[in-house]
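In case you want the letters, here they are:
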Amino acid sequence: MSLTLAAEKQVALAAVRRACVLTSSVFNKLVKNETVTKDDKSPVTVGDYSAQAVVNTILSRTFPDDPIVGEEDATDLRQESGRALRDRIVELANECITGELVPGEKEEWGLGPKQAQSVNELLDTIDRGNYGGGATGRMWTLDPIDGTKGFLRGEQYAVCLALIINARVELGVIGCPNLPVDGRNPSGPRGCIFYAIRGQGAYQVPLSDPFTSSPTRIAIPQLPVDQLNLLESVEKAHAKLSFNELVAKELGITRPPTRMDSQAKYCALARGDGGVYLRIPTGVGYKEKIWDHAPGSVLVEEAGGVVTDSRGLPLNFGLGRTLGENYGVIGAGKDVHPRVLAAVQKVQREAPEEA
């Protein structure tokens, strides 16, 4: 029996929407206008911290007993050397928090014109993301900007939030400010939020109006091999793309891969833009972070797919802040996943230097 989680879904949608608005503002103010050098990552830092402050504020007000596993902590911001950055983050976070309520939001969530927070309150709120994870109880995972290089390029990134209960992902919400609303029309309107509650299906809503718009149910279609393609990372440092090429050849996939940053790949898979999500790490000993896969995995599963590691084992979200011994991630429709898994394992046996 699935959990209802209606209140959690509403709160998560509000938190992700606000964080998407904030990160889009950071891009337009600090990146698009070229006020930073090409190699300067400070816009990502500003966006990460301020978005985490906003999301954690909402979660702390609505579910004060729930711990949060977040990517950032405020240690550096508390130092005198971090003062300029801290001031900018506080300004942006409060600007977002105090924005007018939209239909579907509530003032008691810590939002609205009278809800500005002090510097110390916001730093403490950011640090609520320091939870170490575990196998029992409720906890949220947050990645405020997943796909930092995609964000800096003005391409794909995502705000990713999930609720895990007793090591199982029960709710996932992913905001994709730059993803086309319709994957068949890449030049059309952009900005989507995807969400799934275990046992209740997967859905897409417009980022501009996630509360009153009718959600679109999404599902992974059954596709012949000649219509499949791989969804994979842009950055070679994130996944072994040469390995993926061998897997595609083994499967008989001829279409070129779709490369994008972030968990937007999970969203694309869930609504049928592609067919296979494949992420094999580039180095021995690498451990995936739980916030990089929690919301995407439940979204794909609720869209009719399967997500495992390269050994066919389910992803284990109860081991702390990482997936522990899970190696690699494979996501695909139920009809395709066994073939992809077999192909991955065959390539691993026959070309171990690539695995």
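Keep in mind that what you see is a predicted model, and the values were worked out from it rather than measured. (Residues numbered from 1 in each chain as written. Predicted model: local features only at pLDDT ≥ 70, side-chain atom pairs only at ≥ 80, totals over all residues. Heavy atoms only, no water.)

Enquirer: Explanation requested: the overall build of the chain in the structure shown.
Expert: Summing up its helical and strand segments, the chain has nine helices and twelve strands in all. Taken over the C-alpha atoms alone, the chain extends approximately 60 × 45 × 45 Å along its principal axes. Taken over 355 residues, the chain has a buried fraction of 56%. A separation threshold of at least 6 residues defines the contact pool for the chain, and within that pool the share at least 24 residues apart is 71%. Surface accessibility of the chain: about 14800 Å² in total, with carbon and sulfur atoms responsible for 49%. Averaging the coordinates of the 39 positive side-chain charges in the chain and doing the same for the 45 negative ones gives two points 3 Å apart. (Helix = DSSP H or I, 4+ residues; strand = E, 2+ residues; numbered from the N terminus. Buried < 20%, exposed > 50% of the residue type's maximum accessible area, 1.4 Å probe, protein only. Contact = heavy atoms within 4.5 Å. Areas by Shrake-Rupley, 256 points an atom, 1.4 Å probe, with all protein chains shown as cover. Lys, Arg positive; Asp, Glu negative; His and termini not counted. Charge placed at Lys NZ, Arg CZ, Asp CG, Glu CD.)

Enquirer: Explain helix 4 (residues 119-126) to me, please; I cannot follow it from the model alone.
Expert: Working note: α-helix, 3.6 residues per turn, so residues spaced by three or four point in the same direction. Burial in helix 4 covers these residues: Leu 122, Leu 123, Thr 125 and Ile 126. End-on, the buried residues of helix 4 take up no more than an arc of 160°, which puts them together on one face. Contact partners of the buried residues in helix 4: helix 2 (42-62) and helix 3 (83-97). (Arc of directions from axis to C-beta.)

Enquirer: Explanation requested: the UniProt feature "binding site: Mg(2+)" (unreviewed entry) in the chain in the structure shown.
Expert: The UniProt record marks Glu 71, Asp 143, Ile 145, Asp 146 and Asp 292 with the feature "binding site: Mg(2+)" (unreviewed entry), using the residue numbering of this structure. Over a stretch of 222 residues, the named residues converge on one spot in the fold, their C-alpha atoms separated by at most 10.3 Å. By the element assignment, Glu 71 lies in the loop between strand 1 (68-70) and helix 3. The contact partners of Glu 71, leaving out residues within four places of it in the chain, are Asp 48, Gln 52, Leu 142, Asp 143, Pro 144, Ile 145, Trp 291 and Arg 321. Setting aside its immediate chain neighbours within four residues, Ile 145 contacts Thr 23, Val 44, Gly 47, Asp 48, Glu 71, Phe 151, Tyr 157 and Ala 158. (UniProt positions renumbered as here; feature names shortened; annotations may be inferred.)

Enquirer: Help me understand the pairing of strand 6 (residues 202-206), please; the structure alone is not making it clear to me.
Expert: Residues in a regular strand point their side chains to alternate faces of the sheet. Across the five residues that make up strand 6, a large majority, four, are buried. The pairing of strand 5 (residues 190-197) with strand 6 spans five bridges and is classified as antiparallel. Its bridge partner being in strand 6, Ile 193 is matched across the sheet by Val 205. Connecting strand 5 to the antiparallel partner strand 6 that follows it, the hairpin turn spans four residues, and Gly 199 within it adopts a positive phi of roughly 85°. (Pairing = 2+ DSSP bridges.)

Enquirer: Where do I start with the pattern of salt bridges in this structure?
Expert: Working definition: two side chains of opposite charge can pair if their charged atoms are close together. Under the defined criterion, the tally for this structure stands at 20 salt bridges. Here Lys 29 ties to Glu 95 by a salt bridge, and the two come within 3.2 Å at their closest N and O atoms. One end of the pair, Lys 29, is in helix 1 (residues 6-31); the other, Glu 95, is in helix 3, and 66 residues separate them in sequence. Ionic pairing is found between Arg 279 and Glu 288, a salt bridge with its closest N-O pair at 2.8 Å. Classification of Arg 279 as buried rests on a relative accessible area of 11%. Relative accessible area serves as the criterion here: at 2%, Glu 288 is assigned to the buried category. Beyond isolated ion pairs, a larger network of salt bridges with shared partners links Glu 8, Asp 66 and Arg 138. (Salt bridge = Lys/Arg side-chain N within 4 Å of Asp/Glu carboxyl O.)

Enquirer: Looking at this structure, I do not really get the environment of Ile 220. What am I missing?
Expert: Position of Ile 220 relative to the elements: it lies in the loop between strand 7 (216-218) and strand 8 (230-232). Its relative accessible area of 15% is what places Ile 220 among the buried residues. A sequence separation of 98 residues divides Ile 220 from Gly 318, and the C-alpha atoms of the two residues are 27 Å apart. In contact with Ile 220, other than residues within four places in its own chain, are Leu 269, Ala 270, Val 300, Ala 303, Gly 304, Gly 305, Ala 332 and Gly 333.

Enquirer: In this structure, what is going on with the packing of aromatic side chains? I would like to understand it.
Expert: What the rule picks out here adds up to five aromatic pairs. Measuring from ring centre to ring centre gives 5.0 Å for Phe 151 and Tyr 157, while their planes differ by 85°; the resulting arrangement is edge-to-face. Residue Phe 151 is classed as buried on the basis of its relative accessible area, which comes to 0%. Residue Tyr 157 is classed as buried on the basis of its relative accessible area of 2%. Put simply, the rings of Phe 27, Phe 151 and Tyr 157 pair up and form one aromatic cluster. One cation-aromatic arrangement involves Arg 138 over Phe 63; the distance from NZ or CZ to the ring centre is 5.3 Å. (Phe/Tyr/Trp six-rings, centres within 6.5 Å; stacked < 30°, edge-to-face > 60°. Lys NZ or Arg CZ within 6 Å of the ring centre and 35° of its normal.)

Enquirer: How should I be thinking about the sheet that holds strand 10 (residues 276-279) in this particular structure?
Expert: Strands in a sheet are paired, the pairing made by backbone hydrogen bonds, and the direction either parallel or antiparallel. Sheet architecture is open: five strands sit in the order 9-8-10-12-11, paired in mixed fashion. Since the sheet does not close on itself, it has two edges, and those belong to strand 9 (258-259) and strand 11 (305-308), each with one partner. In this sheet, strand 12 (residues 329-333) lies alongside strand 10 in antiparallel orientation, the contact comprising four bridges. The partner of Arg 279 across the bridge, within strand 12, is Val 329. The strands touched by helix 9 (residues 337-350) are strand 10, strand 11 and strand 12; relative to strand 12, the strand with the most contacts, the crossing angle is about 150°. (Axes fitted to C-alpha atoms, helices over the stretch in contact; angles between N-to-C directions.)

Enquirer: Sorry if this is basic, but what is going on with the packing of helix 1 against helix 2 here?
Expert: For any two helices packed against each other, the geometry comes down to the angle between their axes and how far apart the axes lie. Contact pair helix 1 / helix 2: the axes reach a minimum separation of 9 Å and the direction vectors enclose 160°. Relative to helix 2, helix 1 is oriented roughly antiparallel. Of the two elements, helix 1 crosses helix 2, and the hand of that crossing is right-handed. Contacts from Val 11, Ala 14, Ala 15, Arg 18, Ala 19, Leu 22, Thr 23, Val 26, Leu 30 and Val 31 in helix 1 reach Pro 43, Val 46, Gly 47, Ser 50, Ala 51, Val 54, Val 55, Ile 58, Leu 59 and Thr 62 in helix 2. Here the residues of the contact of helix 1 with helix 2 are counted per class, giving 15 nonpolar, four polar and one charged. (Parallel < 35°, antiparallel > 145°, perpendicular 65-115°, else oblique. Left-handed = near helix turned anticlockwise from the far one by under 90°. Nonpolar A, V, L, I, M, F, W, Y, C, P; charged D, E, K, R; others polar.)

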